[in-house]
Amino acid sequence: MSPISADDSRISINKFNSIDDLFFVNENEEESFEKDAVNSAVIEKVKVRILKGLNLKEPPKSHLPIPPLQSFDLQSNSWRNVNVIPLKSSNSEFLKSEIVPNTCFHKNGPQCLRFQIQIPKHLSNANNSSAELWLYKKDKVTEYILTQIIDDPHHTDLQKRFFSVINQTESEGWTRIDISALINSSSDVLDIEVYSSSKDIPLEFGNDKNPLLIISSSSEENNSRSKRAAVDCEGESSSCCRMKFYVSFEDIGWDSWIVQPEGYFPNACKGSCMNRLDLTVKHHTHVLLRLISKEGTNHSEIAETINCSPKTYKPLSIIYVDNKGLKVISNLPDMSVSECACS
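All of these numbers come straight from a predicted model, not from anything done at the bench. All chains use their own residue numbering, which begins from 1 and follows the written sequence. Only residues with pLDDT of 70 or above have their local features reported here, since the model is predicted, and side-chain atom pairs are shown and tallied only from 80 upward, although totals for entire chains, interfaces and linings are computed over all residues. The side-chain values count all of the structure's non-hydrogen atoms but skip hydrogen atoms and water molecules.

Caption draft 1: Just the environment of Asp334, in detail. Labels follow the DSSP assignment, with helices taken as runs of H or I lasting at least four residues and strands as runs of E lasting at least two, numbered in each case from the N terminus. Mapping Asp334 onto the fold places it in strand β18 (residues 325-342). In this scheme, a residue with accessible area under 20% of its type's maximum is buried, one over 50% is exposed, and one in between is partly exposed, where area comes from a 1.4 Å probe on protein chains only. Exposure remark for Asp334: the relative accessible area of 33% places this residue in the partly exposed category. For Asp334 and Pro310, which are 24 residues apart along the polypeptide, the C-alpha to C-alpha distance reads 9.9 Å.

Caption draft 2: Looking closely at the state of the cysteines. The rule for a disulfide is simple: a pair of cysteine sulfur atoms within 2.5 Å. Here the structure, examined in full by the defined rule, presents three disulfides. One disulfide bridge connects Cys240 with Cys308, the sulfur atoms lying 2.1 Å from each other. For the disulfide bridge between Cys240 and Cys308, the dihedral angle about the S-S bond is near 70°, and by the sign convention the bridge is right-handed. Taken together, the residues Cys240 in the loop between α5 (225-229) and β12 (241-243) and Cys308 in strand β17 (residues 308-322) connect sequence positions 68 residues apart. Using a relative accessible area of 3% as the deciding quantity, one classes Cys308 as buried. A disulfide bridge connects Cys269 with Cys340, and the sulfur atoms are separated by 2.1 Å. Taking the sign of the S-S torsion, about -90° here, the bridge from Cys269 to Cys340 comes out left-handed. On the criterion of sequence distance, the pair formed by Cys269 in strand β16 (residues 268-270) and Cys340 in strand β18 is long-range, its members being 71 residues apart.

In structure tokens:
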């Protein structure tokens, strides 16, 4: 599918009256899905929902470049000017750091910054995952030392691993390093010190510049199978169901300003509510459907007022850049349909 950028199509922010309108698929749109294609009308709905959630009227016209991801060189124990392609992922979690003041181990040496990031067990144990650390370096800084502090129960003292970070540019700004090799399934915290050969701390922090960890996995969704089975569309089902579909930000021309994730599953609701008493949300709707099922076409006008619509939603975390810098939005609400119902 050819990319649809902000210049290709004007996005009408006020076109949809409610959030449910953004996640409802009409008959014409449904036909496009049956042909294994997402049409421009559905793409527009997804764009509108994202822009509304970010309080934007349109995509940023100018923005800072997205920094490349630096790969880890095991032989030299460093991150150098070699880029790596990030893992294509629809499931990314953003973990903010907590600055630990006045606890650096280099008391008589250069100033350093120590920070910790708590890592949930389901992420540290995840297979086929990647982790990248975002650090905001100061101007003219081209090289610094990163120390990982490890609290190993098999040792009485804290263990330390030393690494070099060599950046691609002298200018101030965000840098990204691939630290997948540093994530240990036996530890639930990433404990890091950063310092350089000069006396000053090489990194900026505070005011949305604190280090950030992004862990991505290739799994589509983490919903339980039992919850999905009752609502997901299968085959040529005509009853009310949740229709899963994926939108790639690269395909819609937004990958130049949305850093993470690569895309996501907005999903939508489609189908008829006839004979689906099990999917009713309200008692009133349940009574109406029972009446219609008994008396048939005599109440066709009432039947048209009962729609297959979203019952519950999932949030989305997103990182994007504009002309002022990096923006991290955690838990943007109501971004993905997780369950449909009749109401």
